[in-house]
Amino acid sequence: MVIYREEYRLYNFGPGHPFSPVRLEMLTSLLKALGVWREPLSPPEATREEVLTVHSERLVKRVEAASRGELYPDLPEYGLGTGDTPVFPGMDRAARILVGGTLEGARRILAGERRVLQLGGGLHHAQHDRASGFCVYNDLSVAIRHLVRSGLRVAYLDLDVHHGDGVQWIHYEEREVLTLSLHESGRYLFPGTGQVYELGRGEGLGRKLNLPLEPFTEDEGYLEVFEALVPWALRAFRPDVLVVQAGADAHFLDPLADLLLTTRAYERLFRRVLEYAEAYAGGRVLFTLGGGYSLDAAVRVWALLYHLFHGLPLPGRLPEGWREHWEARLGQPLTPTLHDPEGAYPEVPRRREIAAYNRRTLERLMELAAPHLLH
């Protein structure tokens, strides 16, 4: 099942902002040009009460007021009106529409659907009491809370290049939620968190796992630690469902970060996630999108996900008419094939050292988490 509605594009911080609705417009037009678009389910927007299952009344009031043009002087204290998360008319409803899509995905899982792809959302930085990093409301945590309150154990897997801090902190003390985030180290990248010692608190101890990776980590090194950590954690935790934030900003073309994944790594990642859902979660998995600020890369990564989700053969070259249209509109060339060409970026001189450092970080994380997660 795929969930999408055109109003997702109302979540728009304005021209020039990296979190652009153009990404969704390009993606849906590409899937249509490829002839694989299937009519999605159009979800309802989340209600105010549903947002309040995760967020504070104070934050919601500020978002509602800012949406009407009423600008409280303390907005920056709530992460609003900043360069990252500027306010815009109708912001509250636009954010609730995205939350509604992910929440509807959770409802469909509870109703017996095994695989759901939400073509939007993934706003993993939003905190209980604060917007952050392009994220006003945390659609992922609203969906996770709904699943947990319905009796399911949830494993949350964050593939975004930035640490999934909002989801982690919101569920930091919860035993029934495992969070797994692989990201560029917070020593170098926003939001500055996601260290191996952030393991949870109280009943959540050992159930919040972070693997901070060195800048310039490449496909082989990333996949090595991913394939060691994720099945190990899922086997121990025994989730009922996976919730996956499929950010595309670990791609080497992304302008906001420094990991060097190619589309071939993403293909293997998505295949592995689908396999892990079958092996450890009864086949139940809910995907959302997320970060991804190279239009060229993000659209191809998510088109890959769409094809693998449906079990469709992968196309080679992208439709010429689609590419010509978007190159003219964007004023820049686009990769003509779904996969990146070989040798698309220069050789990394420290690749062995980087891979070894990431392996040591993984060993440290597993050493710290094992006494709690395996208990």
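A quick note: this is a predicted structure, and the numbers were derived from the prediction, not measured. (Residues numbered from 1 in each chain as written. Predicted model: local features only at pLDDT ≥ 70, side-chain atom pairs only at ≥ 80, totals over all residues. Heavy atoms only, no water.)

**Q** Tell me what's going on with the overall build of the chain, and back it up with residues and numbers.
**A** A tally of regular secondary structure across the chain gives 11 helices and seven strands. Seen through its principal axes, the chain has C-alpha atoms that stretch 55 × 50 × 40 Å. For the chain, the residues scored as buried account for 61% of the 375 residues in total. Intrachain contacts of the chain at a sequence separation of at least 6 include 77% that bridge at least 24 residues. Roughly 14,300 Å² of accessible area belongs to the chain as shown, and the carbon and sulfur atoms make up 51% of that amount. (Helix = DSSP H or I, 4+ residues; strand = E, 2+ residues; numbered from the N terminus. Buried < 20%, exposed > 50% of the residue type's maximum accessible area, 1.4 Å probe, protein only. Contact = heavy atoms within 4.5 Å. Areas by Shrake-Rupley, 256 points an atom, 1.4 Å probe, with all protein chains shown as cover.)

**Q** Could you give an account of the environment of Pro-239, naming the residues involved and the relevant values?
**A** Within the secondary structure, Pro-239 sits in the loop between helix 7 (219-237) and strand 6 (241-245). Judged by relative accessible area, Pro-239 falls into the buried class, the value being 5%. Between the C-alpha atom of Pro-239 and that of Arg-153, which follows or precedes it by 86 residues, the distance is 4.9 Å. In this view, Pro-239 contacts Arg-153, Val-154, Ala-155, Leu-234, Tyr-280 and Ala-281; residues no more than four positions away in its chain are not counted.

**Q** Tell me about the packing of helix 7 against helix 11 (residues 351-373), and please be specific about residues and values.
**A** Packing of helix 7 against helix 11 brings their axes to within 10 Å, and their N-to-C directions diverge by 5°. Considering the angle they form, helix 7 stands roughly parallel to helix 11. In this structure, helix 7 uses Glu-224, Val-225, Ala-228, Leu-229, Trp-232, Ala-233, Ala-236 and Phe-237 to contact helix 11, whose residues at the interface are Asn-358, Arg-359, Leu-362, Leu-365, Met-366, Ala-369, Ala-370 and Leu-373. Class assignment of the residues belonging to the contact of helix 7 with helix 11 gives a composition of 13 nonpolar, one polar and two charged. (Axes fitted to C-alpha atoms, helices over the stretch in contact; angles between N-to-C directions. Parallel < 35°, antiparallel > 145°, perpendicular 65-115°, else oblique. Nonpolar A, V, L, I, M, F, W, Y, C, P; charged D, E, K, R; others polar.)

**Q** I'd like a description of the sheet that holds strand 1 (residues 2-3), backed by residues and values.
**A** Strand order in this open sheet of seven strands is 1-2-7-6-3-4-5, and the pairing throughout is parallel. Edge strands, defined here as strands with exactly one partner in the open sheet, are strand 1 and strand 5 (208-213). Here helix 4 (residues 91-110) sits on the sheet and contacts strand 1, strand 2 (115-118), strand 6 and strand 7 (285-288); the angle it forms with strand 2, its principal contact strand, is near 175°. (Pairing = 2+ DSSP bridges.)

**Q** Summarise helix 11; cite the residues concerned and give the values.
**A** For helix 11, which comprises 23 residues, the first-to-last C-alpha distance of 31 Å matches the rise-based estimate of 33 Å (1.5 Å per residue) to within 8%. Roughly 25° is the biggest bend found in helix 11, and it falls at Glu-367, with proline Pro-371 one to four residues downstream. Looking at helix 11, one finds that the buried residues are Ile-354, Ala-355, Asn-358, Thr-361, Leu-362, Leu-365, Ala-369, Ala-370 and Leu-373. On its buried face, helix 11 is in contact with strand 4 (177-184), strand 5 and helix 7. (Expected span 1.5 Å × (residues − 1). Bend = angle between axes of the 7 residues up to and from the residue.)

**Q** Would you mind going over helix 4 in detail, with residue names and values included?
**A** An α-helix turns once per 3.6 residues; consequently, residues spaced three or four apart project the same way. With 20 residues, helix 4 ought to run about 28 Å at 1.5 Å a step, and its terminal C-alpha atoms sit 29 Å apart, in line with that. In terms of residue burial, helix 4 counts as a mostly covered element, since 16 of its 20 residues are buried. Gly-112 occupies a position one or two residues after helix 4 and carries a positive phi of about 115°.

**Q** Summarise the packing of aromatic side chains; cite the residues concerned and give the values.
**A** Under the defined criterion, the tally for this structure stands at 16 aromatic pairs. Measuring from centroid to centroid gives 6.1 Å for Phe-226 and Tyr-276, while their planes differ by 25°, and the two rings are stacked. Of this pair, Phe-226 sits in helix 7 while Tyr-276 sits in helix 8 (residues 263-280); the two residues are 50 residues apart in sequence, bridging distant segments of the chain. Relative accessible area serves as the criterion here: at 0%, Phe-226 is assigned to the buried category. The exposure class assigned to Tyr-276 is buried, which follows from its relative accessible area of 8%. (Phe/Tyr/Trp six-rings, centres within 6.5 Å; stacked < 30°, edge-to-face > 60°.)

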